Amino acid sequence: MLFPMQVIVAKELDERQHALRSLTRNMDISQAKKLLDTFDGLVGEEVRAKAGVVINPVSDINSPIFEQIVCGGGRMSEALKRLVLPELGELKELLADKDAKLADKDAEIAALKRMLAEVGKESR
């Protein structure tokens with residue numbers, strides 16, 4: 001044997017006791033909400049970080065379900081906010097930087113257009 005291996009049959013795990021049960025592409029909205037509620041009830045930064053190791057890939061794999069939770073009810077759970085808001089902050093900073101660069105490019109293009117217009121007037 002090259003390395004020890006464990007096989008987990010997720011559907012045989014009790015979903016109330018095992019977060020591993022949520023590592024599936026077949027998650028429904030109620031399972032996602034239960035997972036987020038469980039995460040919401042965790043206390044302590046280290047415990048939350050460890051739980052995030054499970055929740056982050058689950059939310060990536062099942063992104064349409066988590067998008068429904070965010071957009072569907074007009075309500076975002078505190079757990080989901082804590083997971084999403086840092087990334088949204090980074091995205092806002094990135095967008096602001098891109099917007100500033102685009103504004104600089106627009107100003108540069110406008111200046112070049114003015115120069116072209118002046119050169120056109122002089123050559124007549």
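In every chain, residue numbers begin from 1 and rise along the written sequence. Residue-level local features of this predicted model are given only where pLDDT is at least 70; pairs of side-chain atoms are given and counted only at 80 or more, and the full residue set underlies all totals for whole chains, interfaces and linings. Note that the side-chain values use all heavy atoms of the structure and ignore hydrogens as well as water.

Draft legend 1. Inspection of the overall build of the protein chain at higher detail. Only DSSP runs of H or I covering at least 4 residues are called helices, and only runs of E covering at least 2 are called strands; the numbering of each starts at the N terminus. Counting its secondary structure elements, the protein chain contains four helices and zero strands. Its helices and strands taken in sequence order, the protein chain reads α-α-α-α from the N to the C terminus. The buried label goes to any residue with under 20% of its type's maximum accessible area, the exposed label to any with over 50%, and the partly exposed label to all in between, with areas taken from a 1.4 Å probe on protein chains only. For the protein chain, the proportion of its 124 residues judged to be buried stands at 19%. Long-range pairs, those at least 24 residues apart, make up 58% of the contacts in the protein chain between residues at least 6 apart in sequence. In the form shown here, the protein chain has an accessible surface area of approximately 10,000 Å², with 58% of it arising from carbon and sulfur atoms. By definition in these notes, contact holds between two residues if any of their heavy atoms fall within 4.5 Å. Per-residue and other accessible areas follow the Shrake-Rupley method at a 1.4 Å probe size, with only the shown protein chains counted as cover for residues.

Draft legend 2. A look at the packing of helix H1 (residues 29–40) against helix H2 (residues 45–61). Helix axes use the C-alpha atoms of the stretch in contact, all axes being lines fitted to C-alpha atoms, and the angles between their N-to-C directions lie in the range 0 to 180 degrees. Two elements in contact, H1 and H2, have axes separated by 10 Å at closest approach and are oriented at 165°. Comparing the axis directions of H1 and H2 gives the class roughly antiparallel. At the point where H1 passes H2, the crossing takes the left-handed sense. When H1 is examined against H2, the residues Leu35, Phe39 and Asp40 are found in contact with a partner set consisting of Arg48, Ala51, Gly52, Ile55 and Val58. Think of it as three bins: nonpolar holds Ala, Val, Leu, Ile, Met, Phe, Trp, Tyr, Cys and Pro, charged holds Asp, Glu, Lys and Arg, and polar takes everything else, Gly as well. In the contact of H1 with H2, the residues fall into five nonpolar, one polar and two charged. Under this scheme an angle from 65 to 115 degrees is roughly perpendicular, one under 35 degrees roughly parallel, and one over 145 degrees roughly antiparallel; angles in between are oblique. Crossing handedness: left-handed means the near helix sits turned counterclockwise from the far one by under a right angle, and right-handed means the same turn made clockwise.

Draft legend 3. Structural detail: a nonpolar patch on the surface. Each patch is assembled from residues with relative accessible area greater than 30% and no salt bridge, linking like charges that lie within 9 Å and nonpolar side chains (Val, Leu, Ile, Met, Phe, Trp, Tyr) that lie within 5 Å. Only one rule defines a salt bridge in this text: a Lys or Arg side-chain nitrogen within 4 Å of an Asp or Glu carboxyl oxygen. Where nonpolar side chains cluster on the molecular surface, the patch consists of Leu2, Phe3, Met5, Val7 and Val9 and spans about 620 Å² of accessible area. Assignment of secondary structure puts Phe3 in the segment before H1. For Phe3, a relative accessible area of 53% corresponds to the exposed category.

Draft legend 4. Just H1, in detail. The terminal C-alpha atoms of H1, which comprises 12 residues, lie 16 Å apart, in line with the 16 Å expected from a rise of 1.5 Å per residue. Among the residues making up H1, those that are buried are Gln31, Ala32, Leu35, Leu36 and Phe39. Viewed end-on, H1 has its buried residues packed into an arc of 135°, placing them on one side of the element. To estimate how far a helix should reach, multiply one less than its number of residues by 1.5 Å. When we speak of the arc, we mean the arc of directions from the helix axis to the C-beta atoms.

Draft legend 5. Geometry of the side chain of Asn62. Mapping Asn62 onto the fold places it in the loop between H2 and helix H3 (63–72). Look past the residues within four positions of Asn62 in its chain and what remains in contact with it is Ser22, Thr24, Arg25, Asn26 and Met27.

Draft legend 6. Examining H2 more closely. For H2, spanning 17 residues, the distance from its first C-alpha to its last is 24 Å, which sits close to the expected 24 Å at 1.5 Å a residue. Bending of H2 peaks at approximately 35° at the position of Gly52. The set of residues buried in H2 consists of Arg48, Ala51, Gly52, Val54, Ile55, Val58 and Ser59. What is called the bend at a residue is the angle between a pair of axes, fitted to the seven residues leading up to and ending at it and to the seven starting from it.

Draft legend 7. Examining the pattern of salt bridges more closely. With the rule as written, the count across this model stands at two salt bridges. Measuring nitrogen to oxygen at the nearest pair gives 3.3 Å for the salt bridge that ties Glu46 to Lys50. Of this pair, Glu46 and Lys50 are both found in helix H2, four residues apart, which corresponds to roughly one turn of the helix. With respect to burial, Glu46 and Lys50 carry one shared label: exposed. Across the pair Asp97 and Lys101 runs a salt bridge, and its minimum N-O distance is 3.6 Å. Linking Asp97 with Lys101, this pair stays in helix H4 (residues 78–122), spanning four residues, or about one helical turn.

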